[in-house]
Amino acid sequence: MAILFFSLRGVPADEIEDVRQLLIDNDIDFYETSAGTWGTSLPAIWLYRDQDRQLADDLFEHYQTKRALTQRAHYQALKNSGEAAGFWRHNLARPLRFIALSVLVALVGFVSLIWLFELGL
């Protein structure tokens, strides 16, 4: 029976490639499933053998620890140089999206408050 090792939903491409290479380098047999045409399936990396699970988990835990440190250092370097996108810079890059989402949030809040006041609370 196949063993779910790593879900690929929302994972950056470079991390997926690193995990693939980690498994290949350690002779762990695996296969991948995609999200499918409609995106409803589970994109994941699966192991063939249950015996490989503990080794794969140990290797992956070590990889994740190392990746977390390098990503934090990368983000800190961007932050120190002023290149990290904060809230305003992120939203100014797509102003129409920001305005549309802000209007939607205001509309949901307005409808919720109107409903609450109509209840007489």
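Our subject is the structure that appears above.
Residues numbered from 1 in each chain as written. Predicted model: local features only at pLDDT ≥ 70, side-chain atom pairs only at ≥ 80, totals over all residues. Heavy atoms only, no water.

What follows is about the environment of Q51. Tracing the sequence through the fold places Q51 in the loop between β3 (44-47) and α2 (53-81). Classification of Q51 as exposed rests on a relative accessible area of 63%. The spacing of Q51 and I28 is 23 residues in sequence and 9.7 Å in space, taken between C-alpha atoms. (Helix = DSSP H or I, 4+ residues; strand = E, 2+ residues; numbered from the N terminus. Buried < 20%, exposed > 50% of the residue type's maximum accessible area, 1.4 Å probe, protein only.)

Let us now look at the sheet that holds strand β2 (residues 30-33). Adjacent strands of a sheet pair through backbone hydrogen bonds, lying either parallel or antiparallel. The sheet built from three strands is open, its strands ordered β1-β3-β2 with antiparallel pairing. Each edge of the sheet is formed by a strand with only one pairing partner; in this case those strands are β1 (3-7) and β2. Along the sheet, successive strands turn relative to each other by an average axial angle of 30 degrees, direction set aside. With four bridges joining them, β2 and β3 adopt antiparallel strand pairing. Directly across from E32, in β3, lies its bridge partner I45. Strands in contact with α2 are β1 and β3; relative to β1, the strand with the most contacts, it is inclined by about 15 degrees. (Pairing = 2+ DSSP bridges. Axes fitted to C-alpha atoms, helices over the stretch in contact; angles between N-to-C directions. Contact = heavy atoms within 4.5 Å.)

Ranked by internal contacts, the top residues of the largest apolar core, which has 16 residues, are F5, F6, V19, L23, I45 and L47. For this core, the secondary structure elements donating two or more residues are β1, α1 (13-25), β3 and α2. Among all residues touching F5, those that are not within four sequence positions of it are V19, L23, I45, W46, L47, A56, D57 and F60. (Core = buried A, V, L, I, M, F, W, Y, C linked by side-chain atoms within 4.5 Å.)

Moving on: α1. End to end, α1 covers 18 Å across 13 residues, agreeing with the expected 18 Å (1.5 Å per residue, within 8%). When α1 is considered as a whole, its buried residues turn out to be E15, I16, V19, L22 and L23. All buried residues of α1 lie within an arc of 125 degrees about the axis, which places them on one face of the element. The exposed set on the far side of α1, more than 90 degrees from its buried face, consists of A13 and D25. D27 sits one or two residues past α1 and shows a positive phi near 55 degrees. (Expected span 1.5 Å × (residues − 1). Arc of directions from axis to C-beta.)

In an α-helix, one full turn covers 3.6 residues, which means residues spaced three or four apart are oriented alike. Between its first and last C-alpha, α2 extends 41 Å over 29 residues, near the 42 Å set by a 1.5 Å rise per residue. Looking only at α2, the buried set comprises A56, F60, Y63 and R67. G82 lies just past α2 and shows a positive phi near 80 degrees.

For the rest of this paragraph, the subject is the pairing of β3. Neither face of β3 is left uncovered, since the one carrying A44 and W46 and the one carrying I45 and L47 both have all their residues buried. Relative to β3, β1 is paired through four bridges, and the arrangement is antiparallel. Residue pairing for β3: I3 is matched across the bridge by L47.

By themselves, these are just geometric observations and shouldn't be taken as functional.
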